[in-house]
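Chains, contacts and geometry: an overview
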Amino acid sequence: MISIVCLDVWEVQGSRPGTNIPLLLSVNLNLFVLCPILFLFVVCSPHMIFQATPEAGVSTESSEWAMQDFYTLRKEVETTSQRVQEIRASAGLEQLEKDLADLETAAADNSFWDDRAKAQQTLMALTDVKDKIKLLSEFKTQVEDAETIVMLTEEMESTDRGLLEEATTVIKELNEALDRFELTQLLSGPYDKDGAVVSITAGAGGTDAQDWADMLLRMYTRWGEKQRYKTRVVEKSMGEEAGIKSATIEFEGRYAYGYLSGEKGTHRIVRQSPFNSKGLRQTSFSGVEVMPLLPEESLNVEIPEEDLEYNFSRAGGKGGQNVNKIESAVRITHIPTGVTLRCTEERSQLANKIKALSRLKAKLLVIAEDQRASEIKQIRGDTVKADWGQQIRNYVFHPYKLVKDVRTGHETTDITSVMDGDLDPFIKAYLRYKYTISISSKS
């Protein structure tokens, strides 16, 4: 009899799947007559009596939160839609479409490839215009998708959290894309659209400086990976105890040089030295130089051989016995300016010589552009001095945490994120600062 009663009650409790609320009215009253103890258990159990109230409250509260999320999302969609309209208007979409038609007509001409250099420039301009038009169209499509979700939600009787999350993701990614587009509008230099070569050199500070250079190497590598650039460490000279003496990184991707050009300079760190047994506070420096990653055919620079000095040495490191037996590493110095480039990544001396000369030309072009020199002979040396009083940015780990750019004044206490490659706020601040300076100088 007991087993039958238990089975009957279990069936009653299971009569509403997904809930713990018993349907007391459907319980056979004969069971209570036969088993008074069961009656007391069912009626007096707190679990049975009070289970329904919290669920109703939770459901109401969830609905209220969902509506609040919807109102916030609707406001964000309206703001982003207005922003997209302004950007499309300022970009001159009609003029871009006209330029596209003209460039396509020029590319279809039979004599297009007669002048190879001019043809390459035309194709690059054509690609830029196509990419910009495509990007502006994607902005419009994405914001329209978010607006559609908002309209559907308004027509529905209940709020679909899945749709809200989808629209929130779309708006977040769209705003990030709009930020990047606005930044590219600030990049108007002749090499801003090219890839970048970043060289890091340990400065004053001994072993701490070499360790600091290694930390900067990791920081820039992580930044490149987050930007989805093809990032490659092409040269690294290890320190005696820790860290690196120098390293070179290549970033292949659009606008890499434009974004990273503001990183050129001396970077200073203040921290408790892990290499000091007394744990004293140590200040160290590392220099960062940035050059555009230019294709060989675009380097129209003639450098007289008498202005170049070559030094050869053994590269060491990976590469088998070849790099330890043969002097494959090449160091080129431009005598009039003192600008020096070293290349060790290739296995042969000739390949390293070609690559080092290409990078030297790129660096001289950038310096010439910065100093508005018409000829290479007019360029003065532009070497970054990784020493006290030259820093562009301070990284303080102790006694407090702060990263501050000396030029723009931008700062943050989230030093961990910065060292993990979150450099975009500093890059944006510098580009706006640079744009403001250029406008002021013109006026």
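Heads up: these notes are all about the structure in this document. Note that the structure is predicted; figures quoted are calculated from it, not measured.

Next up on the list: the packing of aromatic side chains. Overall, the coordinates contain nine aromatic pairs when judged by the stated rule. Between the aromatic rings of F70 and Y71, the centroid separation amounts to 5.8 Å while the plane-to-plane angle is 55°, which identifies the pairing as tilted. On the basis of relative accessibility, which here comes to 44%, the residue Y71 falls in the partly exposed class. Between W212 and Y395 the ring centres are 4.9 Å apart and the planes differ by 65°, which places this aromatic pair in the edge-to-face class. Pair noted here: W212 is in helix α9 (residues 207-226) and Y395 is in strand β9 (residues 391-396), with a separation of 183 residues, a long-range link.

Our focus in this paragraph is the packing of helix α6 (residues 93-107) against helix α7 (residues 116-155). Direction vectors running N to C along α6 and α7 enclose 145°, while the axes themselves pass 9 Å from each other. Along this stretch, α6 crosses α7, giving a crossing that reads as left-handed. Within the contact between the two elements, α6 uses L93, L96, E97, L100, L103, E104 and A106 and α7 uses T122, A125, L126, V129, K130, K132, I133 and L136. Among the residues making up the contact of α6 with α7, the classes are represented as ten nonpolar, one polar and four charged.

With that out of the way, let us pick up the pattern of salt bridges. Applying the stated criterion across every chain, the model contains 22 salt bridges. Close ionic contact of D128 with K193 constitutes a salt bridge, the shortest N to O distance being 2.9 Å. Linking D128 in helix α7 with K193 in the loop between α8 (161-185) and β1 (195-202), this pair joins segments that are 65 residues apart in sequence. Given a relative accessible area of 17%, D128 falls into the buried group. Assessed through its relative accessible area of 35%, K193 is described here as partly exposed. Across the pair D211 and R271 runs a salt bridge whose closest N-O atoms are separated by 2.8 Å. Taken together, the residues D211 in helix α9 and R271 in strand β4 (residues 265-272) connect sequence positions 60 residues apart. For the pair D211 and R271, one class covers both residues: buried. Three or more residues joined by partner-sharing salt bridges are found here, namely R218, R222, E225, K226 and D420.

Moving on, we come to α8. Each turn of an α-helix holds 3.6 residues, which means side chains three or four residues apart point in the same direction. When the terminal C-alpha atoms of α8 are compared, their 36 Å separation across 25 residues agrees well with the 36 Å that a helix rising 1.5 Å per residue should span. The set of residues buried in α8 consists of L164, A167, V170, I171, L174, A177, L178, F181, L183 and T184.

Bringing the sheet that holds strand β7 (residues 329-334) into the picture now. In spatial order, the strands read β6-β7-β8; together these three strands make up an open sheet with antiparallel pairing. For this open sheet the edge positions go to β6 (308-313) and β8 (339-343), each flanked by a neighbour on one side alone. Here the strands of the sheet are splayed against their neighbours by 15° on average, with no regard to which way each runs. Relative to β7, β6 runs antiparallel, the two being bridged by six bridges. For F312, the partnering residue across the bridge sits in β7 and is V330.

Within the open sheet, the eight strands sit side by side as β2-β3-β1-β5-β4-β9-β10-β11. Their pairing is mixed. Two strands in the sheet have a free side with no partner beyond their single neighbour: β2 (230-238) and β11 (411-412). Sheet topology places β2 next to strand β3 (residues 244-252); eight bridges connect them, and they run antiparallel. Residue K236 lies in a different strand from β3, and its bridge partner there is A247.

This next bit is on the environment of T80. The topology assignment puts T80 in helix α5 (residues 52-90). Residues T80 and F139, 59 residues apart in the sequence, show an inter-C-alpha distance of 9.8 Å. With residues near it in sequence (within four places) discarded, T80 still touches V143, I171, L174, N175 and L178. Within the structure, the side chain of T80 is placed 3.4 Å from the side chain of N175, a separation counted as a polar contact.

The rules we used
Residues numbered from 1 in each chain as written. Predicted model: local features only at pLDDT ≥ 70, side-chain atom pairs only at ≥ 80, totals over all residues. Heavy atoms only, no water. Phe/Tyr/Trp six-rings, centres within 6.5 Å; stacked < 30°, edge-to-face > 60°. Buried < 20%, exposed > 50% of the residue type's maximum accessible area, 1.4 Å probe, protein only. Helix = DSSP H or I, 4+ residues; strand = E, 2+ residues; numbered from the N terminus. Axes fitted to C-alpha atoms, helices over the stretch in contact; angles between N-to-C directions. Left-handed = near helix turned anticlockwise from the far one by under 90°. Contact = heavy atoms within 4.5 Å. Nonpolar A, V, L, I, M, F, W, Y, C, P; charged D, E, K, R; others polar. Salt bridge = Lys/Arg side-chain N within 4 Å of Asp/Glu carboxyl O. Expected span 1.5 Å × (residues − 1). Pairing = 2+ DSSP bridges. Polar contact = N/O pair within 3.5 Å; in protein donor to acceptor, adjacent residues only side chain to side chain.

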